[in-house]
Every structure is written in structure tokens, then in C-alpha cells.
Amino acid sequence: MSERLDGTVALVTGASSGIGEATARLLSEKGAAVAIAARRKDRLERLAGEIKGKGGRALVLETDVTDPDQAIAAVERAVAELGRLDTLINNAGVMLLGPAAEAPLEEWERTVDLNLKGLLYCTHAALPHLLAAAEQEPRRVADLVNISSVAGRKANAGSGIYNLSKFGVGAFSESLRMELAKRHVRVSLVEPGFVKTELSNHIRDGIRETARQRYVGVELLESEDIADAIAYIVTRPRRMAVNELLVRPTEQEP
Ligand SMILES: NC(=O)c1ccc[n+]([C@@H]2O[C@H](COP(=O)([O-])OP(=O)(O)OC[C@H]3O[C@@H](n4cnc5c(N)ncnc54)[C@H](OP(=O)(O)O)[C@@H]3O)[C@@H](O)[C@H]2O)c1
């Protein structure tokens with residue numbers, strides 16, 4: 001049932017580490033040409049080198065997706081240089097936890113700017129190309145995968161702004177899914193639990209250790225586990241849309 005992605009083009013945001021990096025690598029192994037976007041160019045170039053070394057196609061897009069011009073330019077360069085766009089993985093995100101009362105406003109702005117506005121800029125720029133791919137390309141289907149979180153389904157104390165951003169991604173995805181269903185652009189939501197990545201490194205001192213206490217003793221997911229879930233979604237036959245995947249470590253309770 002699993003389809004190959006040969007001839008298709010995928011753009012992955014936040015591909016310089018963690019889930020995005022593993023996803024770009026796996027989609028390439030499945031045959032897609034991958035456009036990889038993030039701010040850390042050296043990390044992207046290393047990944048592109050690895051992909052090309054295995055015979056794949058990779059395009060490095062040094063991009064801050066919170067800047068609408070850069071987000072648009074990334075999508076347009078992917079299409080111009082790789083020929084089309086079948087798949088957008090909106091993965092770039094931050095998780096800046098901590099109680100609202102003491103939170104620097106700058107963290108709230110950064111969260112909204114990246115987790116919501118960055119995702120919206122990329123989506124807006126990509127939609128015409130995804131629709132065109134679903135209409136014209138041989139597979140006659142395209143995919144928009146938004147990376148949310150368990151935090152997009154359950155709010156927690158100390159996590160309000162992250163919850164807000166991920167609940168927002170869920171609402172937007174469901175609305176868009178209905179709008180695009182008949183046009184064969186599948187909109188999917190992936191909601192990981194705890195994954196071993198750099199995500200918690202950006203939480204401010206004093207809060208970071210408390211946040212990490214939540215998963216002490218739990219065998220965390222690897223980025224490759226979520227990449228595998230994403231690859232499952234985008235390799236389904238045209239008739240089948242995986243709308244939502246909630247993937248926790250087996251031992252994660254909350
Ligand atoms: N790890 C988890 O437990 C977990 C759980 C649920 C959901 N998630 C979600 O999974 C997604 C990926 O996170 P991760 O866990 O893989 O963490 P990560 O390793 O920190 O990856 C985050 C990625 O986002 C990129 N990014 C940050 N700011 C950006 C910007 N302004 N423009 C473009 N790219 C930017 C980073 O690259 P640069 O710094 O190079 O720009 C990096 O590639 C996020 O949306 C996160 O909310 C993660």
C-alpha cells in the first residue's frame with residue numbers, strides 16, 4: 001500500500017535538527033527531492049551533503065520563516081529549482097514553557113511568530129503550488145502536514161502560550177482540511193508526545209530543568225519515530241487521508 005515519492009518535491013521547515021531533519025532524510029530515501037529550510041545553514045548543508053551522497057536531491061534554503069518575505073522566497077525557490085511542490089511539512093517550532101505571570105513578553109511573541117505566523121506564511125505561499133500538483137501531476141494528490149503536539153490537545157499549567165499556538169495549528173488544519181478535501185490536497189496534523197530533540201534547550205534557565213522533570217523515567221521517542229509517522233501519511237494512496245496522528249512514547253501518561 002505504501003507509495004514511493006519518486007519525482008515528487010517536499011519542503012520541510014525546521015530541517016536543521018530533530019524531527020524536521022529526520023523527516024527530510026526519510027522522505028528523500030522514499031524518493032522525494034527535498035527542499036530543507038531553517039536558519040542554521042551549516043546544519044542544512046551537512047544534511048544536504050548526506051542526502052546527495054546517497055543519490056538524493058536536496059536544496060538548502062537558509063530561511064527565517066517568521067519573515068514573510070523569506071518564507072515566500074523559500075517556497076518559490078523550491079518550486080523554481082526543483083520543479084513543483086507536492087508536500088509541505090510545517091515543522092519549525094519552539095516550545096518556550098514557564099508560568100505566564102513571569103514570562104518575558106518576547107517569548108510569547110517568538111512563539112506566535114514562529115508556531116503560528118511562520119506556519120501561516122509557508123502555507124499561504126505553498127497552497128497554489130500544492131493545488132497545482134494535485135491537479136496536474138501524475139499522483140493527483142498533494143500533502144500539507146502540520147506538526148502540532150500533545151500540547152495541541154491538552155492544556156497544562158506553565159504551557160499556555162505553547163498550548164495556544166498548537167491548539168491554533170489544530171483548528172486551522174481542520175478548517176483547511178475541509179476546504180481542500182475535494183481538491184485532493186490532504187491536510188494532516190501530527191501530534192507528538194515527548195521526543196528527544198533540541199526543543200527544550202531553548203526554555204529559559206530555571207524553567208528548563210522543571211520542564212524536563214515531566215519525562216524523567218520515560219523512554220522518549222526518537223525523531224525518526226515521528227518522521228516515520230509523517231512518511232506514512234504522505235505515502236498513502238490518493239483515496240486515503242490520515243487526518244490526525246497522536247504519537248506518544250509508550251510510557252508517557254499525561
Ligand atoms: N520534541 C518534542 O518533544 C516535540 C513534541 C511535540 C511537538 N514537537 C514539535 O515538533 C516540531 C519540531 O521540533 P523538534 O522537537 O524537532 O525541535 P528542534 O530540534 O529544536 O527543531 C526545531 C526546528 O525549527 C527550526 N526553527 C526555529 N526557528 C526557526 C525560524 N525562525 N525559521 C525557520 N526555522 C526555525 C530550527 O532550526 P534553526 O534554529 O536552524 O532555524 C529547527 O530546525 C516543533 O513544531 C515542535 O513544537 C516536538
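Our subject is the structure that appears above.
Residues numbered from 1 in each chain as written. Predicted model: local features only at pLDDT ≥ 70, side-chain atom pairs only at ≥ 80, totals over all residues. Heavy atoms only, no water.

Some words on the site of the ligand
The local shell around the ligand holds 29 residues, among which Arg39, Arg40, Tyr162, Val195 and Thr197 are the closest. A distance of 2.7 Å is found between an oxygen atom of the ligand and a side-chain nitrogen or oxygen belonging to Arg39. One of the backbone nitrogen or oxygen atoms of Val65 is found 3.0 Å away from a nitrogen atom of the ligand. Calculation on the ligand without its partners gives an accessible area of 880 Å², and the protein chains cover 95% of this total. Broken down by secondary-structure element, the contributors of at least two residues to the shell around the ligand are helix 1 (18-29) and helix 5 (160-180). For the shell around the ligand, a count of residues per class yields twelve nonpolar, twelve polar and five charged. (Near = heavy atom within 4 Å. Polar contact = N/O pair within 3.5 Å; in protein donor to acceptor, adjacent residues only side chain to side chain. Areas by Shrake-Rupley, 256 points an atom, 1.4 Å probe, with all protein chains shown as cover. Helix = DSSP H or I, 4+ residues; strand = E, 2+ residues; numbered from the N terminus. Nonpolar A, V, L, I, M, F, W, Y, C, P; charged D, E, K, R; others polar.)

A few points about unusual backbone geometry
One non-glycine residue, Arg140, adopts positive backbone phi at about 60 degrees. Locating Arg140 in the fold gives a position in the loop between helix 4 (105-136) and strand 5 (142-147).

Thoughts on the packing of aromatic side chains
The geometry of two aromatic rings is summed up by the distance between their centres and the angle between their planes. For the structure shown, the criterion picks out one aromatic pair. Between Phe194 and Tyr215 the ring centres are 5.0 Å apart and the planes differ by 50 degrees, which places this aromatic pair in the tilted class. Note that Phe194 is positioned in the loop between strand 6 (185-192) and helix 6 (208-213) and Tyr215 in the loop between helix 6 and helix 7 (223-234), a separation of 21 residues in sequence. Each of the two residues, Phe194 as well as Tyr215, counts as buried. Sitting over the ring of Tyr232, Arg236 keeps its end group 3.9 Å from the ring centre. (Phe/Tyr/Trp six-rings, centres within 6.5 Å; stacked < 30°, edge-to-face > 60°. Buried < 20%, exposed > 50% of the residue type's maximum accessible area, 1.4 Å probe, protein only. Lys NZ or Arg CZ within 6 Å of the ring centre and 35° of its normal.)

A look at empty space enclosed by the protein
It is a probe the size of a water molecule, rolled over the atoms, that shows where empty space is left. By the definition in use, this model includes one cavity of 30 Å³ or more. Residue contributions to the lining of the largest cavity peak at five residues, all from helix 4. Residues that form the lining of the largest cavity fall into these classes: six nonpolar, five polar and one charged. (1 Å grid on protein atoms, 1.4 Å probe; cavity = no way out; pocket = protein on both sides within 12 Å on 5 of 7 lines; lining within 4 Å. Points joined across faces, edges and corners; volume = space filled by probe spheres on them.)

What about helix 1?
Helix length check: helix 1, at twelve residues, gives a terminal C-alpha distance of 17 Å against a target of 16 Å (1.5 Å per residue), a fit within 8%. Counted residue by residue, helix 1 has ten buried out of twelve residues, so it is predominantly covered. Within the sequence span of helix 1, burial applies to Ile19, Gly20, Glu21, Ala22, Thr23, Ala24, Arg25, Leu26, Leu27 and Ser28. On its buried face, helix 1 is in contact with strand 1 (9-13), strand 2 (33-38), helix 2 (41-53), strand 4 (87-90), strand 6 and helix 7. Gly31 sits one or two residues past helix 1 and shows a positive phi near 110 degrees. (Expected span 1.5 Å × (residues − 1). Contact = heavy atoms within 4.5 Å.)

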